[in-house]
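The primary structure of each chain is shown beneath.
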Amino acid sequence: MARCNRIVPLFALACACAVATVYFAHPLLVTMGQDLGIAPAVLGAVVTTTQIGYGLGLFLLVPLGDLVNRRRLVTAQFALLAAALLTVGTASTLTVLLTGMAAVGLLAVVTQSLVAFAASLAEPARRGRVLGTVTSGVVSGILVARTVSGVVSDLAGWRAVYLAAAGVCALLAVTLHLALPDTAPNPLRYGQLLRSTVRMFAREPVLRARSALAVLVFAAFSVLWSSVTLPLSAMSLSHTAIGAFGLAGLAGALAASPAGRLHDRGLGQWTTGTALGLLVLSWVPLALTQRSLWALAVGAVLLDLAVQAVHVTNQSMIYAVRQDAGSRVIGGYMVFYSIGSGTGAIAATAAYSVGGWPGVCALGAAISLLALVVWAVHARVHANRVSSTDTVSPAPAPPV
């Protein structure tokens, strides 16, 4: 356990680098299209292909952490991710580019393999704190990715972004191989592993409730970050300037560790409700973006604080349900995260085309309010369940 405390920062750094590879393309789509002669109508396929790969990886690769040696799994994933990034950085046709991006998405789920690995090594009393620290790395990677890719692209071209990332991932493969402990393999077969993932989510109300919240909060997150470049581009800002607004959301990373500590103290429900209230409130300053970029910064901070607090609390609660199946639980939960992110991006584009930025903000506020209602309903059901259980037995029911 002491060794886990020493390598938690390495987990966080590796998560940041891996997840960033999924988001590098967002500010670069126009430049990539011009370089490769891709029609503007097709550019969205670059992001969509990456997300499809990521969704497949969550279901097919992350559960392997419960089957094989986790150190070997994450090392192999980073080495293959480096090769996929190299393919993207040297692509000369749309087919090669999309193949490389699909592979990047598929292998970037090493992020979630690392989250489950860290949770398995942590002491139960400190698991929320550990997950909070690792999640801070994930948040930082998501938000800094756009800034880094914008700056590097302005200086050296879009290909340099992926070639540099390939080198970093290769270095991380070696570092993790040397630093991480071995884990024992599981006698389950791969088919049994995947079926058990589906059965767990069908049987466990905590997993279903927290996955529903994941769909909604990450849809709200995606509504903002997938569409905010549209009004900013209309202001004639550069790649670097647009990407820099992702830094405003870095404050959200600060919420991850405190949220984990609050869960460890038994305040997971309170943390969730408070964070969802902030999520709804965040859309008030965001609606003023076209009048003030400071309003955008304030709204982004509130939104990211809220989303990450809910995310860390969700992961802490669901891992406690089935600690023996941590990789399957985390991987299955993140499938819902991916569904929310993809749905939010599509809905945001449609809302902007119909109602402009006010339409986007109205959509985000509606999704956030729905998340608050869903949480309130499940919290009440849980309270009633505990009350009825207490009349029969003092044993508490698991939190929802």
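The structure under discussion appears in the preceding block.
Residues numbered from 1 in each chain as written. Predicted model: local features only at pLDDT ≥ 70, side-chain atom pairs only at ≥ 80, totals over all residues. Heavy atoms only, no water.

Some thoughts on the overall build of the protein chain
Move 1: Each helix and strand counted, the protein chain has 16 helices and 0 strands in total.
Move 2: Residue pairs in contact within the protein chain that sit at least 24 positions apart in sequence constitute 83% of those at least 6 positions apart.
Move 3: Accessible surface, the protein chain as shown: approximately 15,700 Å² in total, 69% of it carbon and sulfur. (Helix = DSSP H or I, 4+ residues; strand = E, 2+ residues; numbered from the N terminus. Contact = heavy atoms within 4.5 Å. Areas by Shrake-Rupley, 256 points an atom, 1.4 Å probe, with all protein chains shown as cover.)

Here we look at the nonpolar core
Move 1: Among the nonpolar cores identified, the biggest contains 116 residues, and Phe11, Phe78, Leu97, Tyr162, Leu224 and Leu303 are the most heavily contacted of them.
Move 2: Apart from the residues within four sequence positions on either side, Leu303 is in contact with Ala220, Phe221, Leu224, Trp225, Leu279, Ser282, Trp283 and Leu286. (Core = buried A, V, L, I, M, F, W, Y, C linked by side-chain atoms within 4.5 Å. Buried < 20%, exposed > 50% of the residue type's maximum accessible area, 1.4 Å probe, protein only.)

Digging into the packing of helix 4 (residues 70–89) against helix 5 (residues 94–107)
When two helices pack together, their arrangement is given by the angle between the helix axes and by the axis-to-axis distance.
Move 1: Orientation of helix 4 relative to helix 5, taken along the N-to-C sense of each, is 155°, at an axis distance of 8 Å. Here helix 4 is positioned roughly antiparallel relative to helix 5, judged by the angle of their axes. For the crossing formed where helix 4 meets helix 5, the hand is left-handed. Mapping the contact onto sequence places Gln77, Leu80, Leu81, Ala84, Leu85, Thr87 and Val88 in helix 4 and Val96, Leu97, Gly100, Met101, Ala103, Val104 and Leu107 in helix 5.
Move 2: Of the residues contributing to the contact of helix 4 with helix 5, the split by class is 11 nonpolar, 3 polar and no charged. (Axes fitted to C-alpha atoms, helices over the stretch in contact; angles between N-to-C directions. Parallel < 35°, antiparallel > 145°, perpendicular 65-115°, else oblique. Left-handed = near helix turned anticlockwise from the far one by under 90°. Nonpolar A, V, L, I, M, F, W, Y, C, P; charged D, E, K, R; others polar.)

Let's talk about the layout of surface pockets
Move 1: Its boundaries defined by the atoms lining it, the second largest pocket holds a volume of some 240 Å³.
Move 2: Among the secondary structure elements, those contributing two or more residues to the lining of the second largest pocket are helix 1 (2–23), helix 7 (127–156) and helix 8 (158–179).
Move 3: Here the lining of the second largest pocket gets 6 residues from one element, more than from any other, and that element is helix 7.
Move 4: Residues of the lining of the second largest pocket, tallied by class, amount to 14 nonpolar, 3 polar and no charged. (1 Å grid on protein atoms, 1.4 Å probe; cavity = no way out; pocket = protein on both sides within 12 Å on 5 of 7 lines; lining within 4 Å. Points joined across faces, edges and corners; volume = space filled by probe spheres on them.)

Remarks on the side chain of Gln112
Move 1: Topologically, Gln112 is positioned in helix 6 (residues 110–121).
Move 2: By relative accessible area, which is 2% here, Gln112 ends up buried.

A closer look at the pattern of salt bridges
Move 1: Following the criterion strictly, the structure yields 2 salt bridges and no others.
Move 2: Put simply, Asp35 and Arg159 hold a salt bridge, and the shortest N to O gap is 3.2 Å. Here Arg159 lies in helix 8 and Asp35 lies in helix 2 (residues 29–36), a separation of 124 residues in the sequence.
Move 3: A salt bridge links Arg71 to Asp182, with the shortest nitrogen-to-oxygen separation between them at 2.7 Å. (Salt bridge = Lys/Arg side-chain N within 4 Å of Asp/Glu carboxyl O.)

Quick word on the packing of aromatic side chains
Move 1: Counted under the stated rule, the structure contains 6 aromatic pairs.
Move 2: On the basis of an interplanar angle of 80° and a centroid distance of 4.4 Å, the ring pair of Phe218 and Tyr337 is categorised as edge-to-face. Linking Phe218 in helix 10 (residues 205–225) with Tyr337 in helix 16 (residues 326–390), this pair joins segments that are 119 residues apart in sequence. (Phe/Tyr/Trp six-rings, centres within 6.5 Å; stacked < 30°, edge-to-face > 60°.)

Considering helix 14 (residues 268–286)
Since the α-helix packs 3.6 residues into each turn, any two residues three or four apart lie on the same face.
Move 1: Its 19 residues place the ends of helix 14 27 Å apart at the C-alpha level, agreeing with the 27 Å of an ideal helix rising 1.5 Å per residue.
Move 2: Taken as a whole, helix 14 has its buried residues at Gly268, Gln269, Thr271, Thr272, Gly273, Ala275, Leu276, Leu279, Ser282, Trp283, Pro285 and Leu286. (Expected span 1.5 Å × (residues − 1).)

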